[in-house]
There are 2 protein chains.
Amino acid sequence: MVVSRRDEFDRLDSTWSSVTPPAARRMLIAAAAAFSVRGYHATTTRDIAAQAGMSPAAVYIHYRSKEELLFQISRIGHTTSLSLLTSVTGDDPATRLASAVRAFATWHAEYRVTARVVQYELSALTPEHLAEVVELRRRIEGSVRDMVEEGVAAGVFDVPEVRGATLAVLSLCIDVARWFQPDRGRTPAEIGDLYADLVLRMVGARTAPQAG
Amino acid sequence: MVVSRRDEFDRLDSTWSSVTPPAARRMLIAAAAAFSVRGYHATTTRDIAAQAGMSPAAVYIHYRSKEELLFQISRIGHTTSLSLLTSVTGDDPATRLASAVRAFATWHAEYRVTARVVQYELSALTPEHLAEVVELRRRIEGSVRDMVEEGVAAGVFDVPEVRGATLAVLSLCIDVARWFQPDRGRTPAEIGDLYADLVLRMVGARTAPQAG
DNA sequence: CTCCATACTAAGCGGTTGCTTAGTCGCCAG
DNA sequence: CTGGCGACTAAGCAACCGCTTAGTATGGAG
């Protein structure tokens with residue numbers, strides 16, 4: 001009822017393919033959709049169960065608490081986006097950074113249901129679960145910072161400050177999850193291409209080494 | 001207790017100076033601080049009253065509901081940031097856009113307590129209140145789009161697509177409210193300067209008309 | 001002093017929350 | 001058929017929610 005576009009659910013399903021049994025996976029998908037639209041605190045366990053087509057008590061067969069549902073969504077989402085960034089290849093720093101930004105921004109548009117929960121519900125996690133997620137975020141930031149540093153070291157990027165530029169690149173991509181809406185002209189892939197271009201401009205990338 | 005830095009409260013107070021009587025203002029400031037840290041739905045009216053140093057029932061003397069507190073914060077915050085953008089002056093498009101971005105990004109860092117509520121709690125508003133806020137947001141986006149278009153028309157900006165560039169500029173500034181933390185080395189003014197520079201690069205600005 | 005309005009509090013109401021308990025159902029081994 | 005086990009449900013509990021009601025303290029007008 002809250003999210004009805006079938007292909008959006010199908011895409012979500014591929015993200016959660018590692019979650020078994022199927023009933024636990026359905027519950028996670030229902031929770032992600034509900035958290036994404038209404039927010040963690042505004043979503044009741046009854047909402048989640050209803051969206052998964054089960055009784056309210058069924059939530060607690062596969063998950064200890066509502067917060068554990070959130071943690072699993074957050075953990076899997078962070079792991080997925082980290083692997084997007086670390087699996088990037090390319091001959092030069094500009095190509096690698098552009099590919100990383102394209103993949104990261106596209107993911108935040110395409111899987112924005114998950115991405116919203118990942119990016120905006122951190123404060124609802126328990127301290128222990130938050131610590132685990134923060135470590136993943138540290139590695140995500142580090143992977144982008146490395147790419148920027150490589151470009152600066154190779155003399156093909158020109159930034160006033162590596163930390164600040166890294167923060168801006170990540171920030172730009174992450175915020176896609178806040179404003180992106182499908183069926184409004186732009187596809188996730190187009191966002192990815194646009195953002196790859198914008199980021200190369202931001203870091204002052206030169207497409208090939210040249211004098212001056 | 002949630003936000004204890006005294007100057008943060010003082011800065012907030014200047015934002016709400018138009019709100020009277022003082023008890024109503026204290027209640028709004030308490031609500032903004034609580035909504036910012038824990039989110040609208042996770043904040044109880046008892047939290048707000050306690051932070052304002054009054055009884056739970058005191059909320060309802062000056063405000064009809066918890067949602068009306070949110071609406072007033074959102075309305076004042078949006079009005080303030082719109083006036084930041086429309087009061088920008090400058091001789092050329094690049095100077096105007098840079099000033100606007102500097103002011104807008106700085107505001108989202110300095111008043112991030114308010115900005116978080118403004119940017120992340122829209123879905124908790126009633127349809128009527130949301131419509132009013134959406135109209136303010138339309139004007140905010142329009143004012144930035146106008147600056148980008150002027151630069152393109154004058155031949156000093158080079159963007160693949162005006163709408164996309166506008167969206168990226170706004171998105172970059174707004175997301176400051178999500179990640180910015182005071183007492184971590186960077187001041188709001190430094191963020192503003194960094195972002196003004198980054199945005200001019202993004203729109204391919206030339207500081208002065210030149211061949212090529 | 002009385003009168004009355006304003007600003008506030010103490011107490012609590014109906015409804016909802018996350019989660020638990022007790023029990024049912026279907027399925028497969030023996 | 002019997003027995004047991006995992007998946008699931010019906011019902012409900014204690015706590016908490018937004019908000020209301022009834023009443024109190026204060027201060028100015030006459």
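As shown above, the structure is provided for reference.
Residues numbered from 1 in each chain as written. Chains lettered and ligands numbered in written order. Predicted model: local features only at pLDDT ≥ 70, side-chain atom pairs only at ≥ 80, totals over all residues.

1. A closer look at the relation of the copies chain A and chain B
Of the two same-sequence chains, chain A is brought onto chain B (RMSD 0.0 Å, axial shift 0.0 Å) by a rotation of 180°. The operation mapping one copy onto its partner corresponds to a two-fold rotation axis. Looking at chain A, 95% of its interface residues are interface residues in chain B too, so the copies touch through the same face. (Least-squares fit on C-alpha atoms with pLDDT ≥ 70 in both. Contact = placed C-beta atoms within 7 Å.)

2. Points about the protein's contact with DNA strand C
In the vicinity of DNA strand C lie 16 residues, with Thr 44 and Ser 65 of chain A together with Ser 55, Ala 57 and Ala 58 of chain B positioned nearest. For the surface near DNA strand C, a count of residues per class yields 10 nonpolar, four polar and two charged. (Near = placed C-beta within 6 Å. Nonpolar A, V, L, I, M, F, W, Y, C, P; charged D, E, K, R; others polar.)

3. Focus on the protein's contact with DNA strand D
The environment of DNA strand D is formed by 16 residues, the closest being Ser 55, Ala 57 and Ala 58 of chain A together with Thr 44 and Ser 65 of chain B. Split into classes, the residues belonging to the surface near DNA strand D amount to 10 nonpolar, four polar and two charged.

4. Comments concerning the packing of helix α5 (residues 66-86) of chain A against helix α7 (residues 112-120) of chain A
Residue and element names in this part refer to chain A. Running from N to C, α5 and α7 point in directions that differ by 105°, and their axes come no closer than 9 Å. When the axes of α5 and α7 are compared, the pair comes out roughly perpendicular. Taking contact as the criterion, the partners of Ile 73, Ser 74, Gly 77 and His 78 in α5 are, on α7, Thr 114, Ala 115, Val 117 and Val 118. Its residues assigned to classes, the contact of α5 with α7 comprises four nonpolar, four polar and no charged. (Axes fitted to C-alpha atoms, helices over the stretch in contact; angles between N-to-C directions. Helix = DSSP H or I, 4+ residues; strand = E, 2+ residues; numbered from the N terminus. Parallel < 35°, antiparallel > 145°, perpendicular 65-115°, else oblique.)

5. Considerations on the nonpolar core
Ranked by size, the top nonpolar core spans 128 residues in total, and within it Val 101 and Val 199 of chain A together with Val 101 and Val 199 of chain B carry the most contacts. Dropping the residues within four chain positions of it, Val 199 of chain B is found in contact with Leu 97, Val 101, Val 169 and Leu 172 of chain B. (Core = buried A, V, L, I, M, F, W, Y, C linked by C-beta atoms within 7 Å. Buried ≥ 20, exposed ≤ 12 C-beta atoms within 10 Å, placed from the backbone.)

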